[in-house]
Amino acid sequence: MFQAAAAFGGGIYLKQKLDNVQLPALRRVDNTARTFTLSIRVLAASVPGLEAPGLLSHQRPSLEASLGSSKKETEFADFAPAKDDRGASYAKECPWRFGDTLTFKVKPEDLVGPGLRLSLHVRRDIVLGLVQFEMRSTEVAVGNLDLRQRLLPACVHEKSDA
């Protein structure tokens, strides 16, 4: 009888201790072997209608890119007009300088989806003496790049037979 009571009490004690044990959560492993990294370097832009920064007002563009559920954004661009013809080929045509790199992890389903969505935002800043008011940025242009048909084929260098 004493052994049965000890076994019963030991069972209750063991149940209480097991209830306090934190077991690790199990989940299915993502297949990361079928992904690749896409890095997009944003150098410069030409934005028709966007004037050079003035004395009291500054307008600055930024670019937002989204792929699948991931969304990345550049810093606001700086205005750098071309001083002479010795600079880069885009220096005269594209006075807004970014210099940002946006990196995405691409899955196979992203290749058949809508592609890379680009959105151009412009923020107007108002300068009054030593005070600068940063207004809310507004979306001024939207576009899509088809990854499978346009972007990835442009990244492949074909070997020529010599």
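Values in this document were obtained by computation on a predicted structure and should not be read as measured data.

What follows is about the packing of aromatic side chains. This structure, assessed with the given rule, holds one aromatic pair. Each ring, one from Phe79 and one from Trp96, has its centre 4.9 Å from the other, and the planes form 65°; the classification is edge-to-face. Placement of Phe79 in strand β4 (residues 78-79) and of Trp96 in strand β5 (residues 96-106) is noted, with a sequence separation of 17 residues between them. For Trp96, a relative accessible area of 1% corresponds to the buried category. Over the face of the ring belonging to Phe104 we find Lys72, whose NZ or CZ atom lies 5.6 Å from the ring centre. The ring centre of Phe76 lies 4.1 Å from the NZ or CZ of Arg123, which sits over that ring.

On to the pairing of strand β2 (residues 57-67), then. Every other side chain in a regular strand lies on the same face of the sheet, so the side chains alternate between the two faces. In terms of burial, β2 is largely enclosed, as eight of its eleven residues are buried. Bridging between β2 and strand β6 (residues 116-128) involves ten bridges; their strand directions are antiparallel. Pairing of Arg60 across the sheet is with Arg123, part of β6. Bridge count for β2 against strand β3 (residues 70-73) is four bridges, and the pairing is antiparallel. Paired with Ala65 across the two strands is Lys72, which belongs to β3.

This part covers the sheet that holds β4. Strand order in the open sheet made by the three strands is β1-β5-β4, with antiparallel pairing throughout. The open sheet terminates on both sides in strands that have one partner only, identified here as β1 (36-45) and β4.

The next subject is the nonpolar core. Nonpolar side chains in soluble globular proteins tend to end up buried together. Counting residues in hydrophobic clusters, the biggest one holds 19 residues, and the most contacted among them are Phe104 and Leu116. Among the elements of the structure, β1, β2, β5 and β6 are those that each provide at least two residues to this core. A per-element tally of this core places β5 first, with five residues. What Phe104 contacts, discounting residues up to four positions off in sequence, is Phe36, Thr37, Leu38, Ile40, Ala65, Ser66, Leu67, Ser70, Lys72 and Leu116.

Okay, the pattern of salt bridges next. Under the counting rule described, the total for this entry stands at four salt bridges. Linking Arg60 and Asp78 is a salt bridge whose minimum nitrogen-to-oxygen distance equals 2.8 Å. On the criterion of sequence distance, the pair formed by Arg60 in strand β2 and Asp78 in strand β4 is long-range, its members being 18 residues apart. Under the relative-accessibility criterion, Asp78 is labelled partly exposed at 45%. Salt-bridge contacts for Arg123 lead to Glu134; the nearest nitrogen and oxygen are separated by 3.6 Å.

Along the chain, the position of Ser62 falls in strand β2. With residues near it in sequence (within four places) discarded, Ser62 still touches Glu73, Thr74, Glu75, Phe76, Phe98, Ser119, Leu120 and His121.

Each value, and the rule that gives it
- Residues numbered from 1 in each chain as written.
- Predicted model: local features only at pLDDT ≥ 70, side-chain atom pairs only at ≥ 80, totals over all residues.
- Heavy atoms only, no water.
- Phe/Tyr/Trp six-rings, centres within 6.5 Å; stacked < 30°, edge-to-face > 60°.
- Helix = DSSP H or I, 4+ residues; strand = E, 2+ residues; numbered from the N terminus.
- Buried < 20%, exposed > 50% of the residue type's maximum accessible area, 1.4 Å probe, protein only.
- Lys NZ or Arg CZ within 6 Å of the ring centre and 35° of its normal.
- Pairing = 2+ DSSP bridges.
- Core = buried A, V, L, I, M, F, W, Y, C linked by side-chain atoms within 4.5 Å.
- Contact = heavy atoms within 4.5 Å.
- Salt bridge = Lys/Arg side-chain N within 4 Å of Asp/Glu carboxyl O.

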